[in-house]
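Fold and contact review
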Amino acid sequence: MSTQMMETERKYEADVDAVLPDLAGLPEVASESGLEEIQLEAEYYDTADLRLLGAGITLRRRRGGSDEGWHLKLPAGPDTRQELHRPLGRSRVVPAEFARLVRVYARTAKLGPVARISTVRRQRVLQDEAGNSLAEVADDTVSAQSMGEVTTISQWREIEVELTGGGRPLLKAADARLREAGLRAPGYSAKLERALAGRRPAAPARPPADGRAGDVVLAYLGEQAAALKAQDPRVRRDEPDSVHQMRVASRRLRSALQTFREVLPPAGTEHLRGELKWLGEVLGMARDAEVLGGHVTDLLDQLPAELVLGPVAADVTGQFAPRRGAAHRAAVRAMDSPRYLTMLDELDALLASPPPVEAAAGPGRALRADVARAYRRLRKRARRAAGLAAGPERDAALHEMRKAAKRARYAADALTPSAGKPAARFAAQMKQLQSVLGDHHDTVVARAAIRDLGVHAHLAGDNAFTYGVLYQLDAGRARELSDEAGQVWQEAHRKKYRGWLS
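Residues numbered from 1 in each chain as written. Predicted model: local features only at pLDDT ≥ 70, side-chain atom pairs only at ≥ 80, totals over all residues. Heavy atoms only, no water.

Turning to the overall build of the chain, a few remarks are in order. Scanning the chain from N- to C-terminus turns up 15 helices and nine strands. With the principal axes as the frame, the chain shows a C-alpha extent of 80 × 65 × 45 Å. The burial tally for the chain puts 48% of its 502 residues in the buried class. Counted over contacts in the chain with a minimum sequence separation of 6, partners at least 24 positions apart contribute 72%. Accessible surface, the chain as shown: approximately 24000 Å² in total, 51% of it carbon and sulfur. Side chains of the chain carry 76 positive and 67 negative charges; the gap between the two charge centres is 7 Å. (Helix = DSSP H or I, 4+ residues; strand = E, 2+ residues; numbered from the N terminus. Buried < 20%, exposed > 50% of the residue type's maximum accessible area, 1.4 Å probe, protein only. Contact = heavy atoms within 4.5 Å. Areas by Shrake-Rupley, 256 points an atom, 1.4 Å probe, with all protein chains shown as cover. Lys, Arg positive; Asp, Glu negative; His and termini not counted. Charge placed at Lys NZ, Arg CZ, Asp CG, Glu CD.)

What follows is the structure, encoded as structure tokens:
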């Protein structure tokens, strides 16, 4: 199993004869350690067409230094990457764990060496008054050789400032001082990009989000596709909230394909919509097990100790933890399947070559009709739910209302870059309605699970009293949420939020 850490750093280009300034006296910095010279030798791995580099990912096998071994660096925000590490070993074959983590980009393409880079690193450490490391400053003299059909050799000097204990104010202050000394931001994000001498694949042209209707929809689809792919490695590592975020991206993609039918004719996207639905359902099993277990545990935590009779907490954990684990394993198996990789290829093909329909060339404003249609669908479902008495039929109607609110919200989100504040305010109302109705649906599902737990306890000869209390507690919460949903809908339905659709 790999170890991991978050890497927050900034890089700079420097002339060969540039002199680095003294960094003592920056925020929190009391002293600098002396220089330490290290020799590093690294091989960088990618597909022949550099798919990992195109996604901002670095995969290397490095010798030398205190952390020699296999390194995988995944984007994690501005100036930040998640770095995973495995021992060096003897094999030059990419570790299976790392190969799986980049499969969403590499897919069936082979991973092999694309460059060799030698670095002479002169390193110093910025320390606080107690001698704790705040940041490491690496002064690198780099020699690189690209590999493949064309080989290039290059040399340069670069500086890296990496936080080890300090905060972003230190990084910002160091940036200002280094720029005053003549250092400059590099024209590349990683050594590999510089070593490959411009071979980095061009990023797909992002359509303007405020232009033609087709451009607006494609910009949104591209954003959600990137979000889905970025969550893939996190889901495989079972990181917090990753399943939820990947599921949301798949739902947003499918919703856009369903909503913007004039730009994306249903006949041409039917198969992809079906595959996105399949992925959402697979991820949903893992997400629902996680949410359900947390919901029941939270309810249990609200009870006074005297109302908790028997090993209820252990039974709840024993019921939901294995279910969540099995669901997560099933999700990863699905993501390892040819079906999933084919779906990604189909999504990329749609983004690269959308259908040439007349509506795509029309103004982005025309898409408001699609949002209005989604809103009318929600209004119809809200009226149906309002006419039903409390009970299973109303619960089902409220769930359908939630799904309609979600589609209207996602549609408005897609138009926010072009429609501005009116779309954003409408989407915010839809989000609030979706949230309340989602909480209500959680109580419906949880009560069924609580009843099953109570029956199981009774049949096992245990006291089922606490499960009855939990059931009633959630039933009361469901009534409150149902009333709250009505109030939220009355507010969301006001003309000041939906007027922009006309």
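So much for the structure itself; the text now carries on.
For helix α13 (residues 421–459), spanning 39 residues, the distance from its first C-alpha to its last is 57 Å, which sits close to the expected 57 Å at 1.5 Å a residue. Positive backbone phi, at 85 degrees, marks G461, one or two positions downstream of α13. (Expected span 1.5 Å × (residues − 1).)

Glancing now at the pattern of salt bridges. A full pass over the atoms with the stated rule returns 47 salt bridges. With a shortest N-O distance of 3.5 Å, R237 and E239 are connected by a salt bridge. The class for R237 is buried, based on a relative accessible area of 16%. E239 gets classed as buried once you look at its relative accessible area, which sits at 13%. A single salt-bridge network, built from bridges that share partners, covers E9, K11, R121, D140, E158, E160 and K191. (Salt bridge = Lys/Arg side-chain N within 4 Å of Asp/Glu carboxyl O.)

Note that strand β2 (residues 31–32) and strand β7 (residues 112–127) share two bridges and pair antiparallel. Opposite S31, over in β7, you have Q127 as the bridge partner. Two elements, strand β3 (residues 36–46) and β7, share eleven bridges in a ladder whose sense is antiparallel. Each bridged residue has a counterpart across the sheet, and for E41 the counterpart in β7 is S118. Here β7 pairs with strand β8 (residues 133–146) via 13 bridges, running antiparallel. (Pairing = 2+ DSSP bridges.)

Relative to the assigned elements, I450 resides in helix α13. We classify I450 as buried; its relative accessible area is 1%. Separated by 339 residues in the primary sequence, I450 and L111 place their C-alpha atoms 48 Å from one another. Each residue touching I450, except ones within four places of it in the same chain, is listed here: V296, L299, Y467, L470, Y471 and D474.

This next bit is on the packing of aromatic side chains. Summed over all chains, the structure comprises five aromatic pairs. Here the aromatic rings of Y45 and W70 are separated by 5.1 Å at their centres, their planes lie at 55 degrees, and the arrangement is tilted. Taken as a pair, Y45 in strand β3 and W70 in strand β5 (residues 69–75) lie far apart in primary sequence, 25 residues in all. Both residues of the pair, Y45 and W70, count as buried. Ring centres 5.9 Å apart and planes at 35 degrees place the aromatic pair Y375 and W489 in the tilted group. Here W489 lies in helix α14 (residues 465–492) and Y375 lies in helix α11 (residues 368–386), a separation of 114 residues in the sequence. Here Y375 matches W489 in class, with each residue buried. Chaining the aromatic ring pairs together yields one cluster made of Y375, F426, W489 and W500. (Phe/Tyr/Trp six-rings, centres within 6.5 Å; stacked < 30°, edge-to-face > 60°.)

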